[in-house]
Amino acid sequence: MVLKLYAVSISTCTRRTATVFHELKVPFELIEVDWRNRAHKTAEFLEKQPFGQVPYLDDDGFIVYESRAICRYVAAKYPASGLIPADPKANALFEQAASVELTRFEPTGGKAGLAYYAQKMQGVAVDKAVIDPLMPVLDKTLEGYDAILGKSRYLAGDTLTLADLFHLPHISYVGLQGSDVMTKRPNVARWYNELIGRPSWLAYVDGVKSTLGY
Ligand SMILES: N[C@@H](CCC(=O)N[C@@H](CS)C(=O)NCC(=O)O)C(=O)O
């Protein structure tokens, strides 16, 4: 049975999951949630996703939400992909990088990227009082990224993992206000340009759509 992703095609978390499915060449059906009519706040939806947010995945009746958890679940079904390394040391380095993304990048670059994207897509005003203090913190964080990426091609070594892919979507929107934070350091710029050029990312530039064949 094909995976069913209950989601909003233009949502950034939805793109995170779809990009990983695309990397894995996993077919999926997108079931568009009518969020303008608040379908994600109904009792029926909350039964599946108790926080009233998209996306959630239905794999033949097995429900999982949280975009990163969805990606981990599907990647775990395809261990040969290497997106979650199995070797204990490689796995530890993957978990290290995944933790860096969640605890260092997401609260700064993720928050800023999402705000700029919401402005671009939906005309939602960016609260500069919230966003402006984030950029220097992100800049400092990316100093660390540049050091890591000076020693290896990707964040957890020389092989692409979910930890890199998790940065898409939000990383691609950080520069929307003209910031050069992603491109001013050579190693970060190389990594960033490779990520935003991946076919799995470019496939859904206009929104995620059901993908039954690759
Ligand atoms: N940590 C969650 C975040 C989910 C999330 O923020 N979803 C957004 C779209 S990207 C949403 O549903 N927003 C509508 C709302 O919160 O009402 C995940 O990664 O899945």
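Residues numbered from 1 in each chain as written. Predicted model: local features only at pLDDT ≥ 70, side-chain atom pairs only at ≥ 80, totals over all residues. Heavy atoms only, no water.

1. Let's talk about the environment of Val130
Relative to the assigned elements, Val130 resides in helix α5 (residues 128–131). Between the C-alpha atoms of Val130 and Phe45, which are 85 residues apart in sequence, the distance is 30 Å. (Helix = DSSP H or I, 4+ residues; strand = E, 2+ residues; numbered from the N terminus.)

2. A look at the domain arrangement of the protein
Much of the literature gives interface size as the accessible area that the parts lose upon coming together. Domains assigned within the protein are domain 1 (3–81) and domain 2 (88–199). Here the C-alpha centre of domain 2 lies 22 Å away from the C-alpha centre of domain 1. Facing the 13 residues of domain 1 at the interface are 20 residues of domain 2. Summed over both partners, the interface of domain 1 with domain 2 comes to about 1400 Å²; 60% of that surface belongs to carbon and sulfur atoms. (Domains from an automatic or database assignment. Contact = heavy atoms within 4.5 Å. Buried area = accessible area lost by both parts, 1.4 Å probe.)

3. Some remarks on the packing of helix α1 (residues 12–24) against helix α3 (residues 67–76)
For any two helices packed against each other, the geometry comes down to the angle between their axes and how far apart the axes lie. Two elements in contact, α1 and α3, have axes whose closest approach is 9 Å; the angle formed by their N-to-C orientations is 10°. Here α3 runs roughly parallel to α1, going by the angle between their axes. Here the hand of the crossing between α1 and α3 comes out right-handed. Facing Cys13, Arg16, Thr17, Val20, Phe21 and Leu24 of α1, the residues of α3 in contact are Ser67, Arg68, Ile70, Cys71, Val74 and Ala75. For the contact of α1 with α3, the residue count by class is 8 nonpolar, 2 polar and 2 charged. (Axes fitted to C-alpha atoms, helices over the stretch in contact; angles between N-to-C directions. Parallel < 35°, antiparallel > 145°, perpendicular 65-115°, else oblique. Left-handed = near helix turned anticlockwise from the far one by under 90°. Nonpolar A, V, L, I, M, F, W, Y, C, P; charged D, E, K, R; others polar.)

4. Quick word on unusual backbone geometry
A cis amide bond, omega 0°, links Val54 with the succeeding residue Pro55. Within the secondary structure layout, Pro55 lies in the loop between α2 (43–48) and β3 (56–59). Backbone torsion omega between Leu168 and Pro169 reads 15°, so that peptide bond is classified as cis. Note on placement: Pro169 falls in the loop between α7 (162–165) and α8 (186–196). Its identity is not glycine, yet Lys25 carries a phi of approximately 60°, on the positive side.

5. With respect to the nonpolar core
Side chains that are nonpolar tend, in soluble globular proteins, to be buried together. Within the largest apolar cluster, 55 residues are counted, with the highest numbers of intra-cluster contacts made by Phe21, Phe28, Tyr145, Leu162, Met182 and Trp191. Among the elements of the structure, β1 (3–7), α1, β2 (28–32), α3, α4 (88–122), α6 (134–151), α7 and α8 are those that each provide at least two residues to this core. Composition of this core by domain shows at least three residues from each of domain 1 (3–81) and domain 2 (88–199). Here Met182 is in contact with Leu142, Ile171, Val174, Val188, Ala189, Trp191 and Tyr192, once residues within four sequence places are set aside. If you look at the next biggest cluster of nonpolar residues, it comprises 5 residues, including Val33, Phe45, Val54 and Tyr56. (Core = buried A, V, L, I, M, F, W, Y, C linked by side-chain atoms within 4.5 Å. Buried < 20%, exposed > 50% of the residue type's maximum accessible area, 1.4 Å probe, protein only.)

6. Structural notes on the UniProt feature "domain: GST C-terminal" (unreviewed entry) in the protein
Within the UniProt annotation, "domain: GST C-terminal" (unreviewed entry) is assigned to residues 87–214. Its end C-alpha atoms 29 Å apart, residues 87–214 is made of 59% helix and 0% strand. (UniProt positions renumbered as here; feature names shortened; annotations may be inferred.)

7. Quick word on the site of the ligand
The environment of the ligand is made up of 13 residues, and the closest members are Lys41, Gln53, Val54, Glu66 and Ser67. Side-chain polar atom of Lys41 to an oxygen atom of the ligand: 2.8 Å apart, as the coordinates give it. Between the ligand and the protein, one listed contact pairs a nitrogen atom with a side-chain N or O atom of Glu66 at 2.7 Å. Taken by itself the ligand offers 510 Å² of open surface, and the protein chains cover 77% of this. (Near = heavy atom within 4 Å. Polar contact = N/O pair within 3.5 Å; in protein donor to acceptor, adjacent residues only side chain to side chain. Areas by Shrake-Rupley, 256 points an atom, 1.4 Å probe, with all protein chains shown as cover.)

8. What about the UniProt feature "domain: GST N-terminal" (unreviewed entry) in the protein?
Feature annotation in UniProt assigns "domain: GST N-terminal" (unreviewed entry) to the following positions: residues 1–82. With 35% helix and 22% strand, residues 1–82 has its two end C-alpha atoms placed 24 Å apart.

9. A closer look at the packing of aromatic side chains
What the rule picks out here adds up to 9 aromatic pairs. Among the aromatic residues, those joined into a ring-pair cluster are Tyr6, Phe45 and Tyr56. For the cation-ring pair, Arg15 lies above Trp201, with the distance from its terminal atom to the ring centre recorded as 3.5 Å. (Phe/Tyr/Trp six-rings, centres within 6.5 Å; stacked < 30°, edge-to-face > 60°. Lys NZ or Arg CZ within 6 Å of the ring centre and 35° of its normal.)

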